[in-house]
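This is what each chain is made of:
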Amino acid sequence: MRHCVEFSGISHSYEKDNGEKVLALNNVNFTIEQHEFVAVVGPSGCGKSTLLRLLSGLITPSQGTVRIYDQQVDGPREDVGIVFQKPVLLPWLNVIDNVLFPVKHKYGRITQSHREQAMALLTMTGLEAFAHHRPDELSGGMQQRVGITRALLLDPDILIMDEPFSALDALTREQMGFDLLVLWREKPKTVLFITHSISEAVLQADRVLVMSERPGTLVDNITIDLPRPRSLDTLQHPEFGYYTRVLRDYIYQTDRVAA
Amino acid sequence: MFVLPAPSDIAEAFFQVESQRWAGHLWATVSIALQGFLLSIAISIPMAMMMVRSRFLARTLYPLLIIIQSTPVVAIAPLLIVILGTGEAPRLVITCLITFFPLVVSATTGMLATPPEMIELSRSLKAPVHKEIWQIRLPYATPYIFSGLKVAITLSIIGAVVAEFVAAEQGLGYFVQFSTSYFKIPQAFAALFFLAAVSLILFKLIQWIQKIGFAWSLTKTEL
Ligand SMILES: Nc1ncnc2c1ncn2[C@@H]1O[C@H](COP(=O)(O)OP(=O)(O)OP(=O)(O)O)[C@@H](O)[C@H]1O
Ligand SMILES: [Mg+2]
């Protein structure tokens, strides 16, 4: 069967400046189907961001193969969009130029149709009024929206998000989560969503991958069978409590083993 | 014994010298300072870009730059005159030598301080390294470069004056030396005030350029 994303036998170690090797991931195996929303949770430093770098082709694994639609990933791809933990906006460009930056950086020039597309996306993310503002005039949540809009510009099939809402306050965070789900329904994409919030993972995802402490490996893979569209009501759903409890138990268990 | 002129003497000396003469000296110094400053920018920014691009170049050039920087320019100045003659060339070179170190250092520091996520953004778009430098690292370094420019512009006046001390028939530095040697101390002081004023104006000019063209690079307190 053709999976959208496939990690098989992935181990990765980083080399520190003093030549010492740090094993970040150890034999990680999983697949993601097309247009599935998968969340990854795990303790700090377990290798979640490493997963992102591997899937986006920014680094190649020490062992194993990452595949996208059966093609080995050996460098950055056009059909993968990245949203970083921080918004990573360029302070010298206004909002719309930030959104258009990937086109300018990659192709050298921006066409009128790109501009229209960027404007349409900004409308979709509720930022059209701020298109010509500088990033530092925006709130943290709005800045992260710009980061998401930028990742959507080249209309990637796969969207990887590395703790995209972790810098936001709880209310904004919840709102952004629901907005993301709306976007995802309007423009279906395969999503790999990294988070350290269990409830966020359960609320958003079709499936949650649980990682152990470093060296990170998958300890569980839980399908979240909650109805869609998800909303604030989902939080009241009896199954919601069940899933968060199960996940919490897993993470505590791995913590204890490691301790 | 101290010989300090009264402010009234300085003011008097100021008006004794015809304004045309002042203008001539002023222009001689400012034009060398500005030309040296611009030349210095034209050399140091590309050099910083190359050093950021290649670690090998950085490792070979940096020690060399430090050696040049730690050699007192005042000591090299007479040599340069002998080598390059008494025209404008040695004065430009001296101004350049004195200004370019802060520029190279600030530009390099700024470009290397670019957050790794911005670099990852560039890599994820498969952009070539020169685009990473032109479109991300260099603009990111703007506030750093402006700090360097502010230091360098005042140094450029110092450079021009040092050069005039060694060989010149024009310029405020020459005028200070000339006046002192004829014991016209109030006149020398008047020239000093001119130099300070010019430095200040040029400094403000850089600040103004940053405010008009690169307002985003100012921190809140600088606005
Ligand atoms: N460039 C690097 N050089 C050396 N070690 C690294 C490097 N990048 C990451 N590591 C190490 O690899 C491990 C996994 O890092 P990674 O960033 O993937 O963790 P993470 O799960 O994303 O952590 P967090 O939740 O804090 O973001 C960490 O222990 C980290 O110290
Ligand atoms: Mg991380």
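Above this text sits the structure in question.
The shown structure was predicted, so the numbers you read here are calculated from the model rather than taken from an experiment. (Residues numbered from 1 in each chain as written. Chains lettered and ligands numbered in written order. Predicted model: local features only at pLDDT ≥ 70, side-chain atom pairs only at ≥ 80, totals over all residues. Heavy atoms only, no water.)

**Some remarks on a nonpolar patch on the surface**
All names here are of chain B. Taken together, the side chains of L79, V82, I83, L84 and V93 define a hydrophobic patch exposed on the protein surface, amounting to about 490 Å² of accessible area. Among the elements that take part in the nonpolar patch, helix α4 (residues 73–84) stands out by supplying 4 residues, more than any other. Among the secondary structure elements, V82 is positioned in helix α4. (Patch = residues over 30% accessible without salt bridge, like charges linked within 9 Å, V, L, I, M, F, W, Y side chains within 5 Å. Areas by Shrake-Rupley, 256 points an atom, 1.4 Å probe, with all protein chains shown as cover. Salt bridge = Lys/Arg side-chain N within 4 Å of Asp/Glu carboxyl O. Helix = DSSP H or I, 4+ residues; strand = E, 2+ residues; numbered from the N terminus.)

**Some thoughts on the pattern of salt bridges**
Following the criterion strictly, the structure yields 14 salt bridges over all chains and no others. Between D179 of chain A and R145 of chain A there is a salt bridge, with the nearest N and O atoms lying 3.0 Å from each other. You can see D179 of chain A sitting in helix α5 (residues 170–186) and its partner R145 of chain A sitting in helix α4 (residues 140–153), a full 34 residues away along the chain. E132 of chain B serves as the salt-bridge partner of R137 of chain B, at 2.9 Å between the closest nitrogen and oxygen. In this structure E132 of chain B comes out as buried when scored by relative accessible area, which is 4%. A single salt-bridge network, built from bridges that share partners, covers R123, E132 and R137 of chain B. (Buried < 20%, exposed > 50% of the residue type's maximum accessible area, 1.4 Å probe, protein only.)

**Focus: the sheet that holds strand β9 (residues 207–211) of chain A**
Strands in a sheet are paired, the pairing made by backbone hydrogen bonds, and the direction either parallel or antiparallel. All names here are of chain A. Ordered by their spatial adjacency, 6 strands build an open sheet running β6-β7-β8-β3-β9-β10, and the pairing between neighbours is mixed. The strands lining the two open edges of the sheet, one partner per strand, are β6 (80–83) and β10 (218–223). Each neighbouring strand pair of the sheet contributes to a mean axis angle of 15 degrees, computed without reference to strand direction. Bridge analysis of strand β3 (residues 37–41) against β9 gives 4 bridges, and the strand direction is parallel. By the bridge assignment, A39 is partnered in β9 with V208. Together, β3, β7 (158–162) and β8 (190–194) form the strand contacts of α5, whose direction differs from that of β3 by roughly 145 degrees. (Pairing = 2+ DSSP bridges. Axes fitted to C-alpha atoms, helices over the stretch in contact; angles between N-to-C directions. Contact = heavy atoms within 4.5 Å.)

**Brief notes about the nonpolar core**
Residue and element names in this part refer to chain A. The biggest cluster of nonpolar side chains holds 48 residues, and the ones touching the most others in it are F37, I148, M161, V202 and V208. Sequence-distant contacts of V202, defined by excluding residues within four places in its chain, comprise I224, L226, R230, F240, Y243, T244 and L247. Of all hydrophobic cores here, the second largest spans 40 residues; its members include C46, L93, F101 and I160. (Core = buried A, V, L, I, M, F, W, Y, C linked by side-chain atoms within 4.5 Å.)

**Things to note about the site of ligand 1**
All names here are of chain A. For ligand 1, the full set of nearby residues is Y14, A24, S44, G45, C46, G47, K48, S49, T50, E163 and R214. Here an oxygen atom of ligand 1 sits 2.9 Å away from a polar atom, N or O, in the main chain of G47. In isolation ligand 1 offers 630 Å² of accessible surface; the protein chains occlude 67% of this area. Looking at the shell around ligand 1 element by element, the count peaks at 3 residues for helix α1 (residues 48–55). The class makeup of the residues in the shell around ligand 1 is 3 nonpolar, 5 polar and 3 charged. (Near = heavy atom within 4 Å. Polar contact = N/O pair within 3.5 Å; in protein donor to acceptor, adjacent residues only side chain to side chain. Nonpolar A, V, L, I, M, F, W, Y, C, P; charged D, E, K, R; others polar.)

**Side note on the packing of aromatic side chains**
All names here are of chain B. Inspection of every chain in the model, using the stated rule, returns 16 aromatic pairs over all chains. Ring centres of W22 and F194 lie 4.8 Å apart, and the angle between their planes is 50 degrees; on these two criteria the pair is classed as tilted. Placement of W22 in helix α2 (residues 19–53) and of F194 in helix α10 (residues 185–213) is noted, with a sequence separation of 172 residues between them. Classification of W22 as buried rests on a relative accessible area of 4%. (Phe/Tyr/Trp six-rings, centres within 6.5 Å; stacked < 30°, edge-to-face > 60°.)

**A look at the packing of helix α8 (residues 142–166) of chain B against helix α9 (residues 172–181) of chain B**
Axis angle and axis distance: for two packed helices, these are the angle between their axes and the distance between the axes, and together they describe the pair. Residue and element names in this part refer to chain B. Packing of α8 against α9 brings their axes to within 7 Å, and their N-to-C directions diverge by 45 degrees. Classed by the angle they form, the pair α8 and α9 counts as oblique. Of the two possible hands of crossing, α8 and α9 adopt the one that is right-handed. Residues V161, E164 and F165 of α8 form the contact with α9, whose participating residues are L172, G173, Y174 and Q177. (Parallel < 35°, antiparallel > 145°, perpendicular 65-115°, else oblique. Left-handed = near helix turned anticlockwise from the far one by under 90°.)

**Side note on α5 of chain A**
Residues and elements named next belong to chain A. In this model α5 runs 25 Å from its N-terminal to its C-terminal C-alpha over 17 residues, within 8% of the 24 Å that 1.5 Å per residue would give. Regarding α5, the residues found buried are R173, M176, G177, F178, L180, L181, L183 and W184. Looking at the packing, one finds that the buried side of α5 touches β3, α3 (112–124), α4, β7, β8 and α6 (198–204). (Expected span 1.5 Å × (residues − 1).)

**What to know about the interface of chain B and chain A**
Each side of the interface is counted separately: chain B has 19 residues, and chain A has 22 residues. In total, about 2000 Å² of surface goes out of reach between chain B and chain A, with carbon and sulfur atoms giving 67% of it. Where chain B packs against chain A, one counts 2 salt bridges. Counting across the chain B and chain A interface gives 7 residue pairs in polar contact (both at pLDDT 80 or more). Secondary-structure elements contributing two or more residues to the side of chain B that touches chain A are α6 (116–124) and α7 (129–140) of chain B. For the side of chain B that touches chain A, the element with the highest residue contribution is α6 of chain B, accounting for 7 residues. Grouping the constituent residues of the side of chain B that touches chain A by class yields 9 nonpolar, 3 polar and 7 charged. (Buried area = accessible area lost by both parts, 1.4 Å probe.)

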